[in-house]
There are 2 protein chains.
Amino acid sequence: MEHTFRPVVSVRIFGEEKCFGPGVAQLLRRVEEKHSLRAAAISMGMAYSKAWTIIKASEKELGFDLLVSSTGGKNGGGATLSEKAMSLLAAYEQYCTDVRSYAQSEFQTRFSHILSHTP
Amino acid sequence: MEHTFRPVVSVRIFGEEKCFGPGVAQLLRRVEEKHSLRAAAISMGMAYSKAWTIIKASEKELGFDLLVSSTGGKNGGGATLSEKAMSLLAAYEQYCTDVRSYAQSEFQTRFSHILSHTP
């Protein structure tokens, strides 16, 4: 049995409570693609009401809007990301990449003497 | 509404599947204190059978034993950590500390222009 061991790092941002993490980030990326929170939710197999709750909870903690509604389209109008949401999403994704890169770079040194299958 | 935003970073180690993370680490620390998997599980509000399953799944992925049983004690004998478990636990905790420290040190620079409550 040979494994390659690897670190899996998750990064969340908390205010008083959790306010931003991989779930919201993925939802925002889908909104950006689909210009609709409903379509974004569906594409993730998530109920629209849950997506809406996640976005509203995040906005409340962050103190700014993540989505900008455009009225009059199909399904009662679409949605796009606010400027602050775009900045936050880009900063979060880069931050995750860099934290994971640090974690990866340290991993072999820290664990190679323990996590091997030689006796 | 003033928040101090902060990163919350969780670190897990995967082989083919998840094999080590905060739950197993906490369980091992409790075993070290209590010299018993049963007492460790109870102290965490966890069923003994669940604790046993977690340890066994981790051992299977890691390829070595985490616990050393001592027979003949109360409750069918106690348990202590194997040498490899002690090494892994110490390395994991230091690794988590250092990954979190890196994440914390980068956080203000990356997010201070976005995560503030000034308009």
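The present account deals with the structure reproduced in this document. Values in this document were obtained by computation on a predicted structure and should not be read as measured data.

On to the sheet that holds strand β1 (residues 6-14) of chain B, then. The strand order β2(A)-β1(A)-β1(B)-β2(B) describes an open sheet built from four strands, whose pairing is antiparallel. Here the strands that pair on one side only, and so sit at the sheet edges, are β2 (18-20) of chain A together with β2 (18-20) of chain B. Looking at each pair of strands side by side, their axes are set apart by 55 degrees on average, direction ignored.

This paragraph deals with the packing of helix α4 (residues 83-111) of chain A against helix α4 (residues 83-111) of chain B. The contact between α4 of chain A and α4 of chain B brings their axes to 10 Å, and the two run at 155 degrees. Judged by the inter-axis angle, α4 of chain A sits roughly antiparallel to α4 of chain B. For the pair α4 of chain A and α4 of chain B, the crossing hand works out as right-handed. Side by side, α4 of chain A and α4 of chain B meet where A91, Y95, D98, V99, Y102, A103, E106, R110 and F111 of chain A of the first sit next to A91, Y95, D98, V99, Y102, A103, E106, R110 and F111 of chain B of the second. Looking at side-chain class alone, the contact of α4 of chain A with α4 of chain B contains 12 nonpolar, no polar and six charged residues.

Between chain B and chain A, the contact holds 29 residues from the first and 29 residues from the second. Contributing elements (two or more residues each) for the side of chain B that touches chain A: β1 and α4 of chain B. For the side of chain B that touches chain A, the element with the most residues is α4 of chain B, which contributes 12 residues. Here strand β1 (residues 6-14) of chain A pairs with β1 of chain B via nine bridges, running antiparallel.

Ranked by size, the top nonpolar core spans 32 residues in total, and within it L37 and V99 of chain B carry the most contacts. If you list the elements that add at least two residues to this core, you get β1 and α4 of chain A together with β1, β2, α1 (22-34), α2 (37-43), α3 (48-62) and α4 of chain B. Sort the elements by how many residues they give to this core and α4 of chain B lands first, with seven residues. Not counting residues up to four positions away in its chain, the partners in contact with L37 of chain B are V31, Y48, A51, W52, I55, L67 and A79 of chain B.

Thresholds, definitions, all that
Residues numbered from 1 in each chain as written. Chains lettered and ligands numbered in written order. Predicted model: local features only at pLDDT ≥ 70, side-chain atom pairs only at ≥ 80, totals over all residues. Pairing = 2+ DSSP bridges. Helix = DSSP H or I, 4+ residues; strand = E, 2+ residues; numbered from the N terminus. Axes fitted to C-alpha atoms, helices over the stretch in contact; angles between N-to-C directions. Parallel < 35°, antiparallel > 145°, perpendicular 65-115°, else oblique. Left-handed = near helix turned anticlockwise from the far one by under 90°. Contact = placed C-beta atoms within 7 Å. Nonpolar A, V, L, I, M, F, W, Y, C, P; charged D, E, K, R; others polar. Core = buried A, V, L, I, M, F, W, Y, C linked by C-beta atoms within 7 Å. Buried ≥ 20, exposed ≤ 12 C-beta atoms within 10 Å, placed from the backbone.

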